[in-house]
Amino acid sequence: MITGFVLLLALWTVLPLADRASFTVHMIAHMVVVAGAAPLFAIGLSGTRFDFLSSLPWLTPIIASLIEMFAVWTWHIPALRALSETSSILAALEQLIFLGAGLVLWLSCLGGAAAGREERRLAGTFGLLLTSMHMTLLGALLTLSPRPLYGDGEVSCLGVTLSAAVDQQAGGVVMLLVGAAVYLAGGVALLARTLNTPLPDR
C-alpha cells in the first residue's frame, strides 16, 4: 500500500509539470496507475476488512476486465483526450477512473471473499489475459496508425521534442511493453499458482 501511494504521489507531483499534450506522457501516467499502483493496492487490500469486493460476489474478474476495457478505450477517444489535455478537472477524473477500474480488476483477481477464492483465481487468469489482449490491440492500433490521432504539432516528452506521429507511436509502444506485459505476467502467475495448489484430500 505504501509503495502504491508513493508511486501515485510521485506521478501526480511530476505530471502537472510535464507537457500534457504529449500522448507518451499520458501513457506513462496511465501505466503507472493501472499496472503499478492498482495491483499494489489490491495486494495490500486483499483479505482485509477493506477488501470491498468481498461483499460483491457478482463482480467477477471477467466483468471487471470488461469495465476496465470500457474505461480505457473510452478515455482514448480523440475528442476526450483533447478535453483531458485542456482541463485539469477532466484530467484528474480520468486518472481516478483509471485507478478505480484497475483496482477493481486486480482486487477481483486477488481478493474477494475467502470462500471460492481458489475458483476466482482461475477466473482471474482469464480476466488478466483478456485485459492483456485488449491492451495489446489498442497499443498496436495506436503504434501502427497511419496518421496521428491526438494533435498535429510537436510536443515535449520528458524534454525530448517529438512530432505528433512519433509521440503517438511511442505511447503505443509504452502500452504494449508495460501494460500488456504486466497483465500477461499477472495472468500467468495466477495460473501457475492454481496449477501448483495441492489437491484437497478426499
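Here we summarise the structure given alongside this text.

Scoring rules and cut-offs
Residues numbered from 1 in each chain as written. Predicted model: local features only at pLDDT ≥ 70, side-chain atom pairs only at ≥ 80, totals over all residues. Heavy atoms only, no water. Axes fitted to C-alpha atoms, helices over the stretch in contact; angles between N-to-C directions. Helix = DSSP H or I, 4+ residues; strand = E, 2+ residues; numbered from the N terminus. Parallel < 35°, antiparallel > 145°, perpendicular 65-115°, else oblique. Left-handed = near helix turned anticlockwise from the far one by under 90°. Contact = heavy atoms within 4.5 Å. Nonpolar A, V, L, I, M, F, W, Y, C, P; charged D, E, K, R; others polar. Patch = residues over 30% accessible without salt bridge, like charges linked within 9 Å, V, L, I, M, F, W, Y side chains within 5 Å. Areas by Shrake-Rupley, 256 points an atom, 1.4 Å probe, with all protein chains shown as cover. Salt bridge = Lys/Arg side-chain N within 4 Å of Asp/Glu carboxyl O. Buried < 20%, exposed > 50% of the residue type's maximum accessible area, 1.4 Å probe, protein only.

**A short note on the packing of helix H2 (residues 23–45) against helix H5 (residues 88–110)**
- Running from N to C, H2 and H5 point in directions that differ by 40 degrees, and their axes come no closer than 8 Å. Relative to H5, the element H2 lies oblique. The two elements H2 and H5 cross, and the hand of that crossing is right-handed. Two secondary-structure elements touch here, H2 through His26, Ala29, His30, Val33, Val34, Ala38, Pro39, Phe41, Ala42, Ile43 and Leu45 and H5 through Glu94, Gln95, Phe98, Leu99, Gly102, Leu103, Trp106, Leu107 and Leu110.
- Broken down by class, the residue content of the contact of H2 with H5 amounts to 15 nonpolar, four polar and one charged.

**Focus on the environment of Ala38**
- Tracing the sequence through the fold places Ala38 in helix H2.
- Residues Ala38 and Leu99 lie 61 residues apart in sequence; the distance between their C-alpha atoms is 6.1 Å.
- The contacts of Ala38, once residues within four sequence positions are left out, are Val33, Leu99, Gly102, Leu103 and Trp106.

**So, the environment of Leu122**
- Along the chain, Leu122 falls in helix H6 (residues 117–144).
- Leu122 sits 101 residues away from Ala21 along the chain, and the two C-alpha atoms are 40 Å apart.
- Sequence-distant contacts of Leu122, that is, excluding residues within four places in its chain, are made with Leu191 and Thr194.

**Looking at a nonpolar patch on the surface**
- There is a patch of nonpolar side chains on the surface, built from Ile62, Leu66, Leu122, Phe126, Leu191 and Leu195 and spanning about 550 Å² of accessible area.
- If you list the elements that add at least two residues to the nonpolar patch, you get helix H3 (61–75), H6 and helix H7 (164–196).
- Position of Phe126 relative to the elements: it lies in helix H6.
- Classification of Phe126 by relative accessible area gives exposed; the value is 52%.

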